[in-house]
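Residue-level structure breakdown
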Amino acid sequence: MRILFWGTPDFAVPSLRALIGEGHDVVGVVTQPDKPRGRSRTQLDPSPVKRVALDEGIPVLQPEKPRGDDFLDAMRALAPDISVVVAYGCILPKAAIDLPALGTLNIHGSILPALRGAAPIQAAILDGMTETGITIMQMVPALDAGDMLHVLRTPIASDETYGELHDRLSELGALAIVQALTMIDAQIVRPVAQDDAQSTYASKIDRDMARLDFTWSAERVSRATRAFDPRPGAFASLRGVETKLFSVRVVGDGTNDDLDEPTLASPPGTVRSADDNGLLVRCGEGAVRFMDVQPSGKPRMTAASLARGRGVSVGDLLEPA
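Attention in this report is confined to the structure presented alongside it. From a predicted model like this one, the values you see are computed outputs, not experimental measurements. (Residues numbered from 1 in each chain as written. Predicted model: local features only at pLDDT ≥ 70, side-chain atom pairs only at ≥ 80, totals over all residues. Heavy atoms only, no water.)

Quick word on the sheet that holds strand β5 (residues 60-61)
- Here we have seven strands laid out as an open sheet, ordered β5-β2-β1-β6-β7-β9-β10, and mixed in their pairing. Sheet topology places β5 and β10 (148-155) at the edges, where each strand pairs with a single neighbour.
- One ladder, built from five bridges, connects strand β1 (residues 2-7) with strand β2 (residues 25-30); its direction is parallel. When the sheet's bridge partners are listed, Phe5 is paired in β2 with Val29.
- Lying over the sheet, helix α3 (residues 69-78) contacts β1, β2, β5 and β6 (82-86), oriented at roughly 140 degrees with respect to β1. (Pairing = 2+ DSSP bridges. Helix = DSSP H or I, 4+ residues; strand = E, 2+ residues; numbered from the N terminus. Contact = heavy atoms within 4.5 Å. Axes fitted to C-alpha atoms, helices over the stretch in contact; angles between N-to-C directions.)

Next comes the structure, spelled out in structure tokens:
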């Protein structure tokens, strides 16, 4: 089977490596154009997927947009039987989706029809879901709406961050696509239509989504922090400085019963302790403990380092930035 692989970031790399490692004939890679870097914007950085393709001697296509006669002719020249798409970063037109004889498969980071869209991993944590997974679907022009061919599930740990879940799902996606292609080869795959009435949407991440409000419950603050750890980083204002907060834990069972009496009299966002045990902060209900912080313009550091540098003290207030 001749495979045309579409992908750009680190999330797509395990799937590409798995296809190569399993002996599939990856005839080409489509990835986003190199990104300019530095003040002069003259140095161009290839995507992680492009680096793998070049190392493996695989032809690379980098259109500004995957459309137009020239691009479709370049696809035809590679004569793919099937396309595999994972985190490519651009909507594919119907002509590109339908060009391979077996169509186009997409590796999606949720159990569809839940969390269609750009950021399903972050959304799963934000929504407090206890399970997510990978769906291999037949791609159609409508967003993440194609028939499902294969699903692998995995639990979400109560303290799992976006970065940790991202890495696990990238590996699970590699396993899922290898299994799906094996089933297609054996002609035992059974497409399952999605129930559009049950679909939900995971929108692209914007800055406001990472803004913390400590009037929320400890559980909600924890979910919001973990959903953006390590990127882009949930944040609040501390002593007038925008500060990102990481490595969060809910204290006790997340109720005010776990806190000392003096804490109950303080407003949400109050720092109750700042030491080697982290930054203990009161929430609207309960409290959370942050082990790492990153004040604006500084590197990520432990909360203990911030306290020793007198960047935070007991009684300080974390407020929405």
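Let's talk about the pattern of salt bridges
- Within the structure shown, the criterion is met by 16 salt bridges.
- Between Asp208 and Arg211 there is a salt bridge, with the nearest N and O atoms lying 2.6 Å from each other.
- Given a relative accessible area of 52%, Asp208 falls into the exposed group.
- Look at the salt bridges and you will find they share partners, linking Asp229, Asp292 and Arg300 into a network. (Salt bridge = Lys/Arg side-chain N within 4 Å of Asp/Glu carboxyl O. Buried < 20%, exposed > 50% of the residue type's maximum accessible area, 1.4 Å probe, protein only.)

A word on helix α1 (residues 13-21)
- Those residues of α1 that fall on the buried side of the exposure criterion are Val13, Pro14, Ser15, Leu16, Ala18 and Leu19.
- Summarising the contacts, the buried residues of α1 are in contact with β1, β2, α2 (48-55), β6, β7 (104-108) and α6 (162-185).
- One or two positions beyond α1, positive phi appears at Gly23, with a value near 85 degrees.

Describing unusual backbone geometry
- Leu112 connects to Pro113 through a cis peptide bond whose omega is 10 degrees.
- Within the secondary structure, Pro113 sits in the loop between β7 and β8 (116-117).
- Each neighbour pair has its own omega, and for Asp229 with Pro230 the value is 15 degrees, a cis peptide bond.
- A positive phi is found at Leu115, a non-glycine position, where the angle reads about 60 degrees.
- With respect to the helices and strands, Leu115 occurs in the loop between β7 and β8.
- The exposure class of Leu115 is buried, given its relative accessible area of 2%.
- The phi dihedral of Arg239 is positive, around 55 degrees, even though this residue is not glycine.
- Along the polypeptide, Arg239 turns up in the loop between β12 (234-238) and β13 (241-250).
- For Arg239, a relative accessible area of 44% corresponds to the partly exposed category.

Re a negative patch on the surface
- A contiguous patch of negative charge on the surface is contributed by Asp10, Glu164, Asp167 and Glu171.
- For Glu164, the location among the structural elements is in helix α6. (Patch = residues over 30% accessible without salt bridge, like charges linked within 9 Å, V, L, I, M, F, W, Y side chains within 5 Å. Areas by Shrake-Rupley, 256 points an atom, 1.4 Å probe, with all protein chains shown as cover. Lys, Arg positive; Asp, Glu negative; His and termini not counted. Charge placed at Lys NZ, Arg CZ, Asp CG, Glu CD.)

Structural notes on the packing of aromatic side chains
- Within this structure, the stated rule accounts for three aromatic pairs.
- Relative to Phe71, the ring of Trp6 lies with its centre 5.8 Å away and its plane at 75 degrees, an arrangement referred to as edge-to-face. Of the two residues, Trp6 is situated in strand β1 and Phe71 in helix α3; the sequence distance between them amounts to 65 residues. Exposure class is identical for Trp6 and Phe71. Each is buried.
- Between the aromatic rings of Phe214 and Phe290, the centroid separation amounts to 6.1 Å while the plane-to-plane angle is 90 degrees, which identifies the pairing as edge-to-face. Here Phe214, found in the loop between β11 (201-202) and α7 (218-227), pairs with Phe290, found in strand β16 (residues 287-295); they are 76 residues apart in sequence, far enough to count as distant. By the burial criterion, Phe214 is buried, and Phe290 matches it.
- Of the aromatic side chains, those joined through ring pairs into one cluster are Trp6, Phe71 and Tyr88.
- Of note, Arg300 hangs over the ring of Phe246, and the distance from its end group to the ring centre comes to 4.0 Å. (Phe/Tyr/Trp six-rings, centres within 6.5 Å; stacked < 30°, edge-to-face > 60°. Lys NZ or Arg CZ within 6 Å of the ring centre and 35° of its normal.)

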